[in-house]
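Analysis of the macromolecular model
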Amino acid sequence: MKIIVASLTLILSSLIGQPALAWGEYAHQTTADIAQANISPNSQRIIKKLFASEKLLGTPKCALKNLRHASIWADCVRRDRLRWGYTAPWHYQGHDVCQPWDPDTACANGNCVSAQITRNAKLLADKSLPDHVRLEALAWLVHFTGDMHMPLHSGSRDDLGGNRIAAAYGIVKGRMNLHWLWDGPLAERAISEEPNIARKYSALYRSQLAEGSVADWQLEAFTVSRDIVYPTAQERETCLAPLAEGERAIIDNQEIVDLAPIARDQVRKAGLRIAILIDQALNS
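Structure report, in brief. None of the values given here were measured: they were computed from a predicted structure. (Residues numbered from 1 in each chain as written. Predicted model: local features only at pLDDT ≥ 70, side-chain atom pairs only at ≥ 80, totals over all residues. Heavy atoms only, no water.)

1. Some details on the nonpolar core
The biggest cluster of nonpolar side chains holds 39 residues, and the ones touching the most others in it are Leu67, Trp73, Leu138 and Ile278. Of all the secondary structure elements, the ones that give two or more residues to this core are α2 (25–38), α3 (41–51), α4 (67–77), α6 (113–125), α7 (131–149), α11 (214–234) and α12 (253–282). Looking at this core element by element, the count peaks at nine residues for α7. When sequence neighbours within four positions are dropped, the list of residues in contact with Leu138 reads Ile47, Phe51, Leu67, Leu124 and Ile278. Formed by 36 residues, the second largest nonpolar core is a distinct cluster that contains Leu152, Ala187, Phe222 and Ile251. (Core = buried A, V, L, I, M, F, W, Y, C linked by side-chain atoms within 4.5 Å. Buried < 20%, exposed > 50% of the residue type's maximum accessible area, 1.4 Å probe, protein only. Helix = DSSP H or I, 4+ residues; strand = E, 2+ residues; numbered from the N terminus. Contact = heavy atoms within 4.5 Å.)

Have a look at this one:
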């Protein structure tokens with residue numbers, strides 16, 4: 001048992017030394033699988049044609065041949081800072097969870113996740129554009145819709161969405177922060193506990209998730225961050241004193257059990273809303 005724990009700690013420590021993104025590959029790819037199972041046949045036909053233009057994007061190190069690739073392409077290309085570094089602010093929108101909700105905050109000149117979802121949905125829908133331009137828009141749309149549903153990419157306490165908060169995931173401490181905890185191990189556990197999450201959902205359920213705007217969907221993630229993520233991490237109300245420097249957020253085993261369904265619901269919503277946005281763009 002000690003060997004297993006030590007190995008797990010080592011693995012997590014090596015991963016969390018990397019820059020934290022929104023959702024790990026497993027969660028992002030799961031949103032793509034959910035979307036793939038729920039987009040219309042016509043949308044499937046059109047995006048198949050768009051994927052055929054992949055080479056024109058000039059990103060040979062970042063494949064873009066299917067929706068699974070699309071779900072992580074934006075994180076892949078941003079590693080090329082010379083060409084794509086300007087897109088980094090597009091992945092998040094750090095609304096202050098201790099301030100009243102305002103969908104227009106933290107979005108200077110459209111450099112935020114919600115604005116880029118709206119922008120790329122319009123580009124994807126524009127039939128006058130070349131296929132490779134619409135394909136790029138599809139990739140941004142798929143990835144950023146996933147990003148926006150990760151609570152700590154829509155709500156923050158002046159801590160880079162939890163990146164500055166050291167955290168322990170059950171018995172695993174390592175060098176983890178609160179952002180990565182929600183991004184990786186919690187999301188992965190949440191998805192794995194429902195092995196059939198990537199399935200066709202009922203028309204009624206999909207229609208319920210389609211209600212509202214992109215800002216309304218982001219408010220849901222912001223609310224999770226404000227009402228669940230921070231109180232659990234701090235063990236006190238959200239806007240009381242933040243954790244002191246060197247103080248670690250302890251997410252114990254029971255809290256992991258309680259939080260997993262919330263993380264899973266956010267992944268599910270993201271996948272179905274990706275499908276909704278794609279269908280709206282391609283079938284209007």
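2. Overview of α6
In this model α6 runs 18 Å from its N-terminal to its C-terminal C-alpha over 13 residues, within 8% of the 18 Å that 1.5 Å per residue would give. Those residues of α6 not exposed but buried are Val113, Ser114, Gln116, Ile117, Asn120, Ala121 and Leu124. Looking straight down α6, one finds that the buried residues subtend no more than 160° of arc, so they occupy a single side. Turning to α6, the residues buried within the fold contact α3, α7, α11 and α12. (Expected span 1.5 Å × (residues − 1). Arc of directions from axis to C-beta.)

3. Side note on unusual backbone geometry
For Asp158, which is not glycine, the phi dihedral falls at a positive 55°. By the element assignment, Asp158 lies in the loop between α7 and β1 (167–169).

4. Section: the packing of α4 against α7
Two elements in contact, α4 and α7, have axes whose closest approach is 8 Å; the angle formed by their N-to-C orientations is 85°. In terms of axis orientation, α4 runs roughly perpendicular to α7. Contact residues: α4 offers Leu67, Ala70, Ser71, Ile72, Trp73, Ala74, Asp75 and Val77, while α7 offers Glu136, Leu138, Ala139, Trp140, Val142, His143 and Phe144. Residues of the contact of α4 with α7, tallied by class, amount to eleven nonpolar, two polar and two charged. (Axes fitted to C-alpha atoms, helices over the stretch in contact; angles between N-to-C directions. Parallel < 35°, antiparallel > 145°, perpendicular 65-115°, else oblique. Nonpolar A, V, L, I, M, F, W, Y, C, P; charged D, E, K, R; others polar.)

5. Re the packing of aromatic side chains
Inspection of every chain in the model, using the stated rule, returns nine aromatic pairs. Arranged with centres 5.5 Å apart and planes meeting at 75°, the rings of Trp73 and Trp84 form a pair that is edge-to-face. Residue Trp73 is found in helix α4, and its partner Trp84 is found in helix α5 (residues 81–84); the two are separated by eleven residues along the sequence. This pair shows no difference in class: Trp73 is buried, exactly as Trp84 is. Each ring, one from Trp73 and one from Trp140, has its centre 5.0 Å from the other, and the planes form 70°; the classification is edge-to-face. In this pair, Trp73 sits in helix α4 while Trp140 sits in helix α7, placing the two residues 67 residues apart along the sequence. (Phe/Tyr/Trp six-rings, centres within 6.5 Å; stacked < 30°, edge-to-face > 60°.)

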